[in-house]
Amino acid sequence: MEIILKVENLIKIYGNIHAVNDLSFTVQKGDIFGILGPNGSGKTTTLSIILGIVKQNSGNFKWFKNESNVLNNKKIGSLIEQPNFYPYLSLIDNLKIVAEIKGISNIKEEIDRVLKLVNLFERQKSKFNTLSLGMKQRLALAALLLGDPEILILDEPTNGLDPKGIAEVRAIILSEAKKGKTIILASHILDEVEKVCTHVAILQKGELIKQAKIDEMLNTKEVIVISCDEINALFDSLSESEICKKADKKENEIHVILENGFVPKDLNKYAFEKGFILTKFEVKKDSLEDQFLQIID
Ligand code: ADP
Ligand code: MG
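Residues numbered from 1 in each chain as written. Chains lettered and ligands numbered in written order. Predicted model: local features only at pLDDT ≥ 70, side-chain atom pairs only at ≥ 80, totals over all residues. Heavy atoms only, no water.

J.: What exactly am I supposed to notice about the state of the cysteines here?
T.: The term disulfide refers to a covalent linkage connecting the sulfur atoms of a pair of cysteines. Counted under the stated rule, the structure contains zero disulfides. Between C228, a cysteine without a disulfide, and C244, which holds the nearest cysteine sulfur, the sulfur-to-sulfur distance is 14 Å. The class of C228 is buried, set by a relative accessible area of 6%. (Disulfide = S-S within 2.5 Å. Buried < 20%, exposed > 50% of the residue type's maximum accessible area, 1.4 Å probe, protein only.)

Structural data, given as structure tokens:
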């Protein structure tokens, strides 16, 4: 594993607000690292610090790729402060300005490449102010992708977009991720993090309250909902059984979490062998949403 970014004990205080409070995390090459938290939880502040836009009060961070000041050498593309596009210039002219600022040499090819990536090639001659909100956001992504940075930093990339716009932006992010890029994405939308990211750090009031791989988080709690006519007897039996870690009776259902090493089929077999005929057997994954809500409650 190659470490790309290491953040240690970051603290940022505004007046009496701890915007970021003792935050530590590590991002590895190829991660799509989600920073998930409600509004005001410190996401933008964190991204601003690691981009050198805001200075932390204490703690430190280190970019490992190309140590000679990665922030200046175009390895990172960030979408934290929206680029100021000129409303009456075409997309291509707007991108030329960004490309010149970035010091890109093969400007024509690069602009063609990124316009195709974000599916705006056909619109290259349109004026910026004729674009839909979704197109504007895609153009912002195109600007960020100029120079093909290895690391992308995205702050709420789908904010304000309609479902189609959201899907388009997510598709672009995922296609960049497939090229092996490392992406850090802040969002208050759980669904976004769940669909796009490989890792998540959940922030609340500037503090890291949970960090996990997305698939671990999605797999941690498998709940099996069962029912039968003699529900009380089944519940008593399960409570004493070795396959059941936790059983909750909810009206005429029992919600079961299995002990490690057991699979849902074992529960079905157990009930059958004890003489219970199940009238319901449903395996549910406790969604990241449930876990997120439990955490931030
Ligand atoms: P998020 O991006 O998760 O919505 P922010 O990082 O923007 O959260 O903000 C975290 C906290 O810090 C909030 O309480 C916010 O009001 C405060 N904050 C952010 N920037 C400033 C600033 N420049 N001056 C004062 N307070 C700020
Ligand atoms: Mg923010």
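J.: For this particular structure, what's the right way to read the site of ligand 1?
T.: Taken together, Y14, I17, A19, P38, N39, G40, S41, G42, K43, T44 and T45 make up the full set of residues near ligand 1. Here T44 contributes a side-chain N or O atom positioned 2.8 Å from an oxygen atom of ligand 1. The contact in question runs from an oxygen atom of ligand 1 to an N or O atom on the side chain of T45, over 2.5 Å. Those elements giving two or more residues to the shell around ligand 1 turn out to be β2 (17-28) and α1 (43-50). A per-element tally of the shell around ligand 1 places α1 first, with three residues. A breakdown of the residues in the shell around ligand 1 according to their chemical character gives four nonpolar, six polar and one charged. (Near = heavy atom within 4 Å. Polar contact = N/O pair within 3.5 Å; in protein donor to acceptor, adjacent residues only side chain to side chain. Helix = DSSP H or I, 4+ residues; strand = E, 2+ residues; numbered from the N terminus. Nonpolar A, V, L, I, M, F, W, Y, C, P; charged D, E, K, R; others polar.)

J.: I keep staring at the packing of helix α3 (residues 107-117) against helix α4 (residues 133-145) and nothing clicks. Help me out?
T.: A pair of packed helices can be characterised by two numbers: the angle between their axes and the separation between those axes. In the contact formed by α3 and α4, the axes pass within 9 Å of each other and the chain directions differ by 140°. One finds that α3 runs oblique with respect to α4. As α3 runs across α4, the sense of the crossing is right-handed. Note on element contacts: α4 touches α3 through L139, A142 and L145, opposite E110, R113, V114, L115 and L117. Here the contact of α3 with α4 is composed, by residue class, of six nonpolar, no polar and two charged. (Axes fitted to C-alpha atoms, helices over the stretch in contact; angles between N-to-C directions. Parallel < 35°, antiparallel > 145°, perpendicular 65-115°, else oblique. Left-handed = near helix turned anticlockwise from the far one by under 90°. Contact = heavy atoms within 4.5 Å.)

J.: Hey, could you run me through the nonpolar core in this one?
T.: Generally speaking, nonpolar side chains in soluble globular proteins are found buried as a group. L95, L139, L141, L146, L154 and I183 are the most contacted members of the largest nonpolar core, which totals 47 residues. Looking at this core element by element, the count peaks at eight residues for α4. Residues contacting L141, with those up to four places away along its chain left out, are L79, V118, L154, V169 and I172. The next biggest cluster of nonpolar side chains, apart from the first, holds 23 residues, and it includes I80, I151, A186 and L203. (Core = buried A, V, L, I, M, F, W, Y, C linked by side-chain atoms within 4.5 Å.)

J.: Which parts of the structure should I look at to understand the side chain of S41?
T.: Along the chain, S41 turns up in the loop between β3 (32-36) and α1. Look at S41 and you get buried, because its relative accessible area is 1%. For S41, the side chain forms a polar contact with the main-chain oxygen of P38, separated by 2.6 Å. Beyond its immediate stretch of four places on either side in the chain, S41 contacts A19, L203, Q204, K205 and G206.

J.: Which parts of the structure should I look at to understand helix α9 (residues 264-273)?
T.: Among the residues making up α9, those that are buried are P264, L267, Y270 and A271. Mapping the buried residues of α9 onto a view down its axis gives an arc of 115°, with all of them on the same face. Pointing more than 90 degrees away from the buried face of α9 are the exposed residues K265, F272 and E273. The elements touched by buried residues of α9 are β10 (222-228), α8 (231-240), β12 (253-258) and β13 (278-285). One or two positions beyond α9, positive phi appears at G275, with a value near 90°. (Arc of directions from axis to C-beta.)

J.: Just checking my understanding: could you explain the sheet that holds strand β7 (residues 182-187) for this structure?
T.: Within a sheet, neighbouring strands are paired by backbone hydrogen bonds and run either parallel or antiparallel to one another. On the basis of which strands lie adjacent, the open sheet formed by six strands has the order β5-β6-β7-β3-β8-β9 and mixed pairing. Of all the strands in the sheet, the pair left with one neighbour each is β5 (76-79) and β9 (207-213). Taking each pair of neighbouring strands and ignoring which way they run, the sheet shows an average axis angle of 15°. Where β5 and strand β6 (residues 151-155) come together, four bridges link them in parallel fashion. Note on β6: the bridge partner recorded for L79 is L154. Strand contacts of α4: β5 and β6, with the helix running at about 160° to β5, the strand carrying the most contacts. (Pairing = 2+ DSSP bridges.)

J.: What am I meant to see in the sheet that holds strand β1 (residues 3-14) here?
T.: One open sheet holds the three strands; their spatial order is β2-β1-β4, and the pairing between them is antiparallel. The two strands at the open ends of the sheet, each matched to only one other strand, are β2 and β4 (58-63). Averaged over all pairs of adjacent strands, the angle between their axes in this sheet comes to 15°, without regard to strand direction. Pairing of β1 with β4, which is carried by five bridges, proceeds in the antiparallel orientation. Bridge pairing links I11 to S58 in β4. The strands touched by α1 are β1, β2 and β4; relative to β1, the strand with the most contacts, the crossing angle is about 120°.

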